[in-house]
Amino acid sequence: MDLTISPEDEAFRQEVRTFIRDNLPKHLPREVLRLGYLAHGAKRVLEWGKILYKKGWAAPPWPVEYGGTGWTDMQRHIFEEECWKADAPMIAMGALSLVGPVIYTFGTPELKAKFLPLILRGEIFWAQGFSEPNAGSDLASLKTTAVLDGDHYVVNGSKIWTSGAHFADWGFFLVRTDSTVKAQKGISFLLIDMKTPGITLRPIVSIDGMYHLNQTFLDNVRVPRENLVGEPGQGWSFGKFLLENERTGSAFINYTKREWAKARDIARAEMKNGKPLIEDPEFSRRLAKVQIEIQALEYSVLRVLSKEKSRYDSIAVAAVLKLHGSDLHQKVTELQYDALGDKALHHFTEAQLEDPDSDPPGMPDYVAGRTAEYLISRAATIYGGSQQVQRGIIAKLAFGL
Ligand SMILES: Cc1cc2nc3c(=O)[nH]c(=O)nc-3n(C[C@H](O)[C@H](O)[C@H](O)COP(=O)(O)OP(=O)(O)OC[C@H]3O[C@@H](n4cnc5c(N)ncnc54)[C@H](O)[C@@H]3O)c2cc1C
């Protein structure tokens, strides 16, 4: 494995950095930091997506024929790193990493022609409708049904924890089209216009006091038959495809690097016993320990990107990255929260986080949003598959236990 950054990669980094400096709207970084990892929502994600589209950089992970950039994996990594460093909004993950690849790989020419340009141009935001009240880790037991009636599927059931459904234009749903076969074989992948009659949302306010999540009810929702991706019963295998396709994303590596740097900056600015907190041996040891863990994880990510052949199953490798990535995701927010001391106790409402001019006089700029981020990052070890489930996958697929 050769992980040297070549002169070409370095030149590419400069090109990306310059582009971001000249094109990232000035209001976005501050809003992104205040509103955090999950909360900055469709508006800002799509605003940045449209700018990247004009440059031809909207979909780096996609094949060139569908609008991808043709970059090497190292270039993609550099691009993402620079975007995170500049506090740009994250990419539209649901669209670019999840549903987009399913559509261009398994969709009909009509579905590709309809949706891929809309995704590339940053015109639609997607929600993911997989989990149900009694089907999370055990997703195969999902009960939402889609029954064919003429040229429509009629969908009934309820989904839960649907992130961003309240600003989503479309949703990609796993539904049961056949109850007579083995659970996994009866699941299909359906694209649903979120404005279709019969869809209602119940907001769920999470521990950070913000509204990111929903329970989504589907009552006799009529969905054109052509919105089914692939064949009936293929939905389950798309989940595996998604994991293999985007193995390194769940490591959160660039997010974690950025948030670690912010924790360090807070520790430089905050005082303890008359000295900057960064000079406190206990705190600086904690910072260093987490930095070393982040570097180790980054090397694991780079090894996967370098396509170094692993003797382990690729799903197990993705599980290792998710396990450590989400653990570090939480640790960096804990560092920030602890570094803030009692400033972390100041409560900012969602409306105040949306408005950078609403901070109390004298409140440093780096405070707003940090406690909310610390709280919502408790979910990082649950969404996308809990820690226990990842360990189960590793035990089974890597070690045959
Ligand atoms: C913030 C957030 C955003 C989310 N966004 C979305 C979204 O947009 N779309 C979507 O579809 N879903 C979303 N989810 C749902 C998420 O994928 C599920 O919460 C997750 O898969 C766990 O399922 P569950 O909540 O039903 O917990 P359960 O599966 O009921 O698990 C409960 C506990 O049991 C443990 N457990 C379960 N099975 C096993 C096992 N086999 N071995 C060992 N331990 C086990 C778990 O680790 C956990 O500790 C989101 C969740 C959160 C918290």
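None of these values were measured; they are calculated from a predicted model.

Peer 1: Account for the environment of Ser237, naming residues and giving values.
Peer 2: Residue position: Ser237 is located in helix H7 (residues 235-245). Between the alpha carbons of Ser237 and Glu279 there is a distance of 52 Å; along the sequence they are 42 residues apart. Within the structure, Ser237 has its side chain in polar contact with the backbone oxygen of Gln234 (distance 2.7 Å).

Peer 1: So what's going on with the packing of helix H10 (residues 314-340) against helix H13 (residues 387-398)? Which residues, and what values?
Peer 2: Contact geometry of H10 with H13 gives a least axis separation of 9 Å together with a crossing angle of 150 degrees. In terms of axis orientation, H10 runs roughly antiparallel to H13. Two packed elements cross with a definite hand, and for H10 against H13 that hand is left-handed. Of H13, the residues touching H10 (which contributes Ile315, Ala316, Ala319, Val320, Lys322, Leu323, Ser326 and Asp327) are Gln387, Gln390, Arg391, Ile393, Ile394, Leu397 and Ala398. Counted by class, the contact of H10 with H13 contains 9 nonpolar, 3 polar and 3 charged residues.

Peer 1: Provide a residue-level description of the pattern of salt bridges, including the pertinent values.
Peer 2: Counting across every chain of the model gives 30 salt bridges. Residue Lys257 pairs with Glu81 through a salt bridge whose shortest N-O separation is 2.5 Å. Placement of the pair is Lys257 in helix H8 (residues 253-269) and Glu81 in helix H4 (residues 73-85), with a sequence separation of 176 residues. Looking at Lys257, the relative accessible area reads 22%, which means it is partly exposed. Residue class for Glu81 comes out buried when judged on its relative accessible area of 10%. With a closest N to O distance of 3.4 Å, Lys331 and Asp327 form a salt bridge. Here Lys331 pairs with Asp327, and both are found in helix H10, just 4 residues apart, close to one helical turn. Residue class for Asp327 comes out partly exposed when judged on its relative accessible area of 29%.

Peer 1: Before we move on, could you go through the site of the ligand and cite the residues and values that matter?
Peer 2: Close to the ligand lie 16 residues; Gln128, Ser137, Trp161, Ser386 and Gln388 are nearest. Within the backbone of Gln128, one N or O atom sits 2.7 Å away from a nitrogen atom of the ligand. Relative to its unbound accessible area of 970 Å², the ligand is 63% covered by the protein chains. Counting contributing residues per domain, the shell around the ligand is built from domain 2 (126-236) and domain 3 (247-398), each supplying no fewer than three.

Thresholds, definitions, all that
- Residues numbered from 1 in each chain as written.
- Predicted model: local features only at pLDDT ≥ 70, side-chain atom pairs only at ≥ 80, totals over all residues.
- Heavy atoms only, no water.
- Helix = DSSP H or I, 4+ residues; strand = E, 2+ residues; numbered from the N terminus.
- Polar contact = N/O pair within 3.5 Å; in protein donor to acceptor, adjacent residues only side chain to side chain.
- Axes fitted to C-alpha atoms, helices over the stretch in contact; angles between N-to-C directions.
- Parallel < 35°, antiparallel > 145°, perpendicular 65-115°, else oblique.
- Left-handed = near helix turned anticlockwise from the far one by under 90°.
- Contact = heavy atoms within 4.5 Å.
- Nonpolar A, V, L, I, M, F, W, Y, C, P; charged D, E, K, R; others polar.
- Salt bridge = Lys/Arg side-chain N within 4 Å of Asp/Glu carboxyl O.
- Buried < 20%, exposed > 50% of the residue type's maximum accessible area, 1.4 Å probe, protein only.
- Near = heavy atom within 4 Å.
- Areas by Shrake-Rupley, 256 points an atom, 1.4 Å probe, with all protein chains shown as cover.
- Domains from an automatic or database assignment.

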